[in-house]
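# Residue-level structure breakdown
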Amino acid sequence: MTPRLITPIGAVGVAVTVFALLAASYFLAKTPGDVLGEDLVPLAQVATDREEVGYTLPAGRSAGDIGSDLERLGVIGSGQQFEFLVSLVGVQQRLSTGDYLLRKNSSALTVVRELTVKEQIPVLKVTFPEGIRIEEMAIIAEKAGFGSRESFMAATKAAELPPGFVEAFPAGESLQGYLFPDTYIMPVGSTAEMLVDYMLRTLDRRFSPELRLAAKSQGLNTHQALTLASIVEREAVLEPERARIAGVFYNRLAAQDMLGADPTVQYAVSLIAGSVEQFGYWKKDLTLVDLKLASPYNTREVPGLPPGPIANPGLASIEAVANPEKTDFYYFVADAKANDGSHVFAVTLAEHERNIQQYGTP
């Protein structure tokens, strides 16, 4: 029989197989503690971005899902490598649930070791819902241990915007709308100033240059985009409706009409002395007097966008403003009968008035 020649590609395959078998033999000959004790697979080069990011490991999450999470956050380069190592070493049941601070561009083996350590670094964790105001964030940050609400508000006044947002930022405006709502995990001892800086850097990353270009193609700069996104955030409840509601507002802007958004009236009312103490930050039942309030934020009286955001929008609302749904809809009303957060849309005023009669009251 003629000997079979090994081609260069075949030789590579044999080498990879041999290496995998040797690696597996090495790992399986060791205890998990031995294997995870040092980095056996160091990074090829030291990465410059070593920022710490927070990660919450919930119970019951698979190694594959965890690897995908970590790859998305930039902690590791390959979620599949992480899953392979967890399986190889047999530590799936030893991955400890909890809140972690992990460094970007770490080796998969380093992170496997960190997630199996029982003694975790003490951290502060805070979650900011989408669509709330800076003042509401200050209360949440205080409860989470980041200092007083006054220190948080002071930090927002002293903070510097990322370069991509400075040019369109009006002089004298607050950072309302610029603090990205998310879950933040930071070391114990972190200050309000550190938290606000982290939130602004997160906005810079999530409201990406690509999304900014998309918003610019709609005729909005970053400040205007965040302003409109904050209104969409307060109006929309269901994810599929965000882009459609944004499209309605674009139609009204194109007609130089009033947006007619009640959340902007709520914001305007809150600026009246004593109103927050009496009604909270978002007055639920607006009166005819409220709807006629003379304020640049009252989009029922003043056409176009208000001077700035009324709340801090999440990514979904920013994306909706950057990529609105193109329709002829000019009106919408909450479907009170369905009572599920949905809206009914209309093209004409007559159709809208019928919708109000049919769906506007439960």
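Residues numbered from 1 in each chain as written. Predicted model: local features only at pLDDT ≥ 70, side-chain atom pairs only at ≥ 80, totals over all residues. Heavy atoms only, no water.

Bringing the overall build of the chain into the picture now. A count of helical and extended segments in the chain gives 17 helices and six strands. Expressed as a percentage of the 362 residues in the chain, the buried residues total 43%. A separation threshold of at least 6 residues defines the contact pool for the chain, and within that pool the share at least 24 residues apart is 66%. For the chain, the exposed area adds up to about 19000 Å²; of that, 56% sits on carbon and sulfur atoms. (Helix = DSSP H or I, 4+ residues; strand = E, 2+ residues; numbered from the N terminus. Buried < 20%, exposed > 50% of the residue type's maximum accessible area, 1.4 Å probe, protein only. Contact = heavy atoms within 4.5 Å. Areas by Shrake-Rupley, 256 points an atom, 1.4 Å probe, with all protein chains shown as cover.)

This part covers the environment of L175. Among the structural elements, L175 can be located in the loop between α8 (163-166) and β4 (183-187). The spacing of L175 and R133 is 42 residues in sequence and 9.8 Å in space, taken between C-alpha atoms.

The next thing to look at is the pairing of strand β6 (residues 343-346). The alternating pattern of β6 places H343 and F345 on one face and V344 and A346 on the opposite face, and all of these are buried. Both strand β5 (residues 331-334) and β6 contribute to a ladder of four bridges, which runs antiparallel. Across the sheet, the residue bridging to F332 is F345, located in β6. (Pairing = 2+ DSSP bridges.)

The space that makes up the largest pocket amounts to roughly 1100 Å³. Lining of the largest pocket is provided by 31 residues; of these, E235, D262, R300, F332 and A334 occupy positions nearest its centre. Secondary-structure elements contributing two or more residues to the lining of the largest pocket are α11 (222-235), α12 (242-254), α13 (262-270), β5 and α17 (349-359). If you tally residues by element for the lining of the largest pocket, the top one is β5, at four residues. Forming the boundary of the second largest pocket are 16 residues, of which G54, R72, L73, D182 and R205 lie nearest the centre. When residues of the lining of the second largest pocket are traced back to their parent elements, those giving at least two are β1 (52-57), α3 (63-73), β4 and α9 (192-206). Of the residues in the lining of the second largest pocket, the class split is six nonpolar, five polar and five charged. (1 Å grid on protein atoms, 1.4 Å probe; cavity = no way out; pocket = protein on both sides within 12 Å on 5 of 7 lines; lining within 4 Å. Points joined across faces, edges and corners; volume = space filled by probe spheres on them. Nonpolar A, V, L, I, M, F, W, Y, C, P; charged D, E, K, R; others polar.)

Right, let's get into the pattern of salt bridges. In this structure the tally under the stated criterion is 15 salt bridges. With a shortest N-O distance of 2.9 Å, D197 and R201 are connected by a salt bridge. One end of the pair, D197, and the other, R201, are both in helix α9, four residues apart, so they sit about a helical turn from each other. Taking relative accessible area as the criterion, D197 reaches 37% and is therefore assigned partly exposed. E233 is the partner of R242 in a salt bridge, and the nearest nitrogen-oxygen pair spans 3.2 Å. (Salt bridge = Lys/Arg side-chain N within 4 Å of Asp/Glu carboxyl O.)

All of the buried residues along helix α4 (residues 79-89) are G79, F82, L85, V86, L88 and V89. Its side-chain oxygen 3.4 Å from the backbone nitrogen of Q80, S78 forms the N-cap of α4. Backbone geometry just after α4 places G90 at a positive phi near 75°. (Polar contact = N/O pair within 3.5 Å; in protein donor to acceptor, adjacent residues only side chain to side chain.)

The next thing to look at is the side chain of D335. If you trace the backbone, D335 turns up in the loop between β5 and β6. At 7.4 Å, K337 is the nearest oppositely charged side chain to D335, a buried residue that forms no salt bridge. A polar atom in the side chain of D335 sits 3.2 Å from the backbone nitrogen of K337. Discounting residues that sit within four places of it in the chain, D335 has contacts with S342, H343, V344 and Y359. (Lys, Arg positive; Asp, Glu negative; His and termini not counted.)

Contact geometry for helix α7 (residues 149-158) and α9: axes closest at 8 Å, N-to-C directions at 50°. For the element pair α7 / α9, the angle class is oblique. Here α7 and α9 pass one another in a crossing that is right-handed. In contact with S151, F152, A155 and T156 of α7, α9 contributes A192, E193, L195, V196 and M199. Taken together, the residues of the contact of α7 with α9 break down into six nonpolar, two polar and one charged. (Axes fitted to C-alpha atoms, helices over the stretch in contact; angles between N-to-C directions. Parallel < 35°, antiparallel > 145°, perpendicular 65-115°, else oblique. Left-handed = near helix turned anticlockwise from the far one by under 90°.)

Moving on, we come to α11. Compared with an ideal rise of 1.5 Å per residue, which puts 14 residues at 20 Å, α11 spans 20 Å between its outermost C-alpha atoms and is within 8% of the ideal. With twelve of 14 residues buried, α11 lies mostly within the body of the structure. Buried within α11 we find T222, H223, A225, L226, T227, L228, A229, S230, I231, V232, E233 and E235. Its side-chain oxygen at 3.1 Å from the backbone nitrogen of H223, N221 defines the N-terminal cap of α11. (Expected span 1.5 Å × (residues − 1).)

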